[in-house]
Amino acid sequence: MSTHLLHRAIHGHLPTAVGGKGIELFDAEGNVYIDASGGAAVSCLGHGHPAVIDALHKQLDRLAYAHTGFFTTEPAEQLADLLVRNAPAGLDHVYLVSGGSEAVEAAIKMARQYFVETNQPRRRHIIARRQSYHGNTLGALAAGGNEWRRTQFQPLLINTHHIDPCFAYRMQQVGESDEVYAARAAQQLEDKILELGADEVIAFIAEPVVGATAGAVPSVGDYFKRIREICDRYGVLLILDEVMCGMGRTGTLHACEQDGIAPDLMTVAKGLGGGYQPVGAVLLSGKIFDAFANGSGFFQHGHTYMGHPMAAAAGLAVQQTIERESLLANVVAMGNELERQLVERLGNDRHVGDIRGRGLFRGIELVADRATKQPFDPALKLHARIKKEALKRGLIVYPMGGTIDGVQGDHVLLAPPFIVDRNDVERIVERLADAI
Ligand code: PMP
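As the structure is a prediction and not an experimental result, all values here were calculated from the model.

Peer 1: Would you mind showing me how to read the site of the ligand here?
Peer 2: Around the ligand, 15 residues are found, and the nearest of them are Gly 99, Gly 100, Ser 101, Val 243 and Met 244. Among the elements that make up the shell around the ligand, the one with the highest residue count is helix H5 (residues 100–117) (three residues). For the shell around the ligand, the residue count by class is seven nonpolar, six polar and two charged.

Shown next as structure tokens:
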């Protein structure tokens, strides 16, 4: 084992992954794991899908790389067309990048440049939510709310301000209806905009269903409709970060469809290429594109590997396969089945405080006391222990826990590939229940 590979050296023992087929991963010691988190909500088609492998072989034979400053390529053009054909209303241009953080970084810069192009340079603030993760590059890190990730890199480069956490179920006050809770949460955005100056805010960024930091927490009531209205009232751009919850994961291609709104900018990655290649994208509205086209004529950004033909070919093949095999219907059906089995198996467990999520994006929150929702002592690192116990049972789950921005708790995120059947769901729930 190499001690030169940083992540390996820091983690200590890590199994060596040597193969994968369908929903399973294999390590060098012959262990077989069900990939019930799809990596981190990445592997939507499972491993070794022949249609994707075939598309990648063909692309590799034809052309592996061409710089976007000199050339366009067929897979990049076709992927952009596919993304726009299925995009939320008004998003009619695509900027291809290599992953989620890059997409967030580009979206924030697009939002900023939009206001420069339209002669509103005073706008300089970004508002986000405390319980959020938007990536690890410096701009995306500044947008994310995780204090423990941010602290040592302060002062961060962009002016970000955070409002209350997402809809962590414990934030709802006793007896409060969803509508009252949604209105109270959305009001925080308006209050923050007014505090910063109505014409000084660039954008509000949020995950429609909060993934890594909170464990598949959707909003309630008409929260996002209210957010959309507030953004429009003050000319603030709405960026939805669908890097984790998007591209079919929640049962609709875009999670925001279920909230009945469309953003001005949307980031996607992870499931876009299903893990076959690193690929991400920003979808942007005509309004933003026109400001660039009629203004300076270009977007002041760029990465060497953006629009990479191999990455675009993977994204295209993965998305075409999802369409051809009608896999979103399976996400809805198996998502409901997963919820049903989780509730049946764990719903009465005295340490399960909440089971939530949409589609094949589900979170299980663990609490010391189910009646009071009292979380476990963070020192127990329960989430990490469950990850370990699950691995021993051949199950990969995505854990998160401790105290994140005022919300203490342990949760496990499940995000299995879209190809799971009832029997797979049963095996996942069985092993998870056993591990817990
Ligand atoms: N945004 C969200 C919502 C994410 O979940 C992630 C990754 N977990 C990112 C951005 C960053 O993506 P990447 O790790 O591909 O840079």
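Peer 1: Honestly, unusual backbone geometry in this entry has me stumped. Any pointers?
Peer 2: Backbone phi values are negative for most residues with the exception of glycine, while trans is the configuration of most peptide bonds. Put simply, Gln 154 and Pro 155 share a cis peptide bond, and its omega is -5°. With respect to the helices and strands, the residue Pro 155 is situated in the loop between helix H7 (147–150) and strand S6 (159–163). Backbone geometry places Ala 216, a non-glycine residue, at a positive phi of 60°. Structurally, the position occupied by Ala 216 is in the loop between strand S8 (209–210) and strand S9 (217–218). You will see that Lys 373, though not glycine, has its phi angle at about 65°, which is positive. Structurally, Lys 373 is set in the loop between strand S14 (361–369) and strand S15 (374–375). A tally of 14 C-beta atoms within 10 Å means that Lys 373 is categorised as partly exposed.

Peer 1: Could you clarify how one ought to interpret the sheet that holds strand S16 (residues 395–396) in this entry?
Peer 2: Sheet strands line up and pair through hydrogen bonds in the backbone, either parallel or antiparallel. Overall, mixed pairing links the four strands, which are arranged S1-S2-S3-S16 in an open sheet. Edge positions in the sheet fall to strand S1 (17–21) and S16, since each has one partner strand and no second. Direction of pairing for strand S2 (residues 24–27) relative to strand S3 (residues 32–35): antiparallel, over a ladder of three bridges. Paired with Leu 25 across the strands is Tyr 33, a residue of S3.

Peer 1: Sorry if this is basic, but what is going on with the pairing of S1 here?
Peer 2: Residues in a regular strand point their side chains to alternate faces of the sheet. Little of S1 sits out of view: just zero of its five residues are buried. Here S1 folds back onto S2, and the loop between the two strands holds two residues, one of which, Gly 22, carries a positive phi near 60°.

Peer 1: Explain the packing of helix H12 (residues 327–346) against helix H14 (residues 422–435) here, please?
Peer 2: Two elements in contact, H12 and H14, have axes separated by 10 Å at closest approach and are oriented at 35°. In terms of crossing hand, the pair formed by H12 and H14 is right-handed. Facing Met 334, Glu 337, Leu 338, Gln 341, Leu 342, Arg 345 and Leu 346 of H12, the residues of H14 in contact are Arg 422, Val 425, Glu 426, Val 429 and Ala 433. Looking at the contact of H12 with H14, its residues break down into seven nonpolar, one polar and four charged.

Peer 1: It is not clear to me how the sheet that holds strand S12 (residues 280–285) should be interpreted in this structure. Could you clarify?
Peer 2: Pairing is mixed across the open sheet formed by seven strands, whose spatial order is S4-S12-S11-S10-S7-S5-S6. Each edge of the sheet is formed by a strand with only one pairing partner; in this case those strands are strand S4 (91–97) and S6. Taken over all neighbouring pairs, the strand axes of this sheet differ in orientation by 20° on average, direction set aside. When strand S5 (residues 125–129) meets strand S7 (residues 201–206), the two strands line up parallel, connected through three bridges. Pairing of His 125 across the sheet is with Val 201, part of S7. The strands that H5 touches are S4, S5, S7, strand S10 (237–241), strand S11 (265–268) and S12; relative to S12, the one it contacts most, it runs at about 25°.

Peer 1: Got a minute to help me understand the packing of helix H4 (residues 74–85) against helix H11 (residues 309–324) in this structure?
Peer 2: Packed helix pairs are specified by the crossing angle of their axes together with the interaxial distance, meaning the distance between the axes. Close contact between H4 and H11 brings their axes to 8 Å; oriented N to C, the two are set at 40°. If you check the angle between H4 and H11, you find them oblique. When you trace H4 past H11, the crossing you get is left-handed. Side by side, H4 and H11 meet where Pro 75, Ala 76, Gln 78, Leu 79 and Leu 82 of the first sit next to Pro 309, Ala 312, Ala 313, Gly 315, Leu 316 and Gln 319 of the second. Residues that form the contact of H4 with H11 fall into these classes: eight nonpolar, three polar and no charged.

Quick notes on the rules
- Residues numbered from 1 in each chain as written.
- Predicted model: local features only at pLDDT ≥ 70, side-chain atom pairs only at ≥ 80, totals over all residues.
- Near = placed C-beta within 6 Å.
- Helix = DSSP H or I, 4+ residues; strand = E, 2+ residues; numbered from the N terminus.
- Nonpolar A, V, L, I, M, F, W, Y, C, P; charged D, E, K, R; others polar.
- Buried ≥ 20, exposed ≤ 12 C-beta atoms within 10 Å, placed from the backbone.
- Pairing = 2+ DSSP bridges.
- Axes fitted to C-alpha atoms, helices over the stretch in contact; angles between N-to-C directions.
- Left-handed = near helix turned anticlockwise from the far one by under 90°.
- Contact = placed C-beta atoms within 7 Å.
- Parallel < 35°, antiparallel > 145°, perpendicular 65-115°, else oblique.

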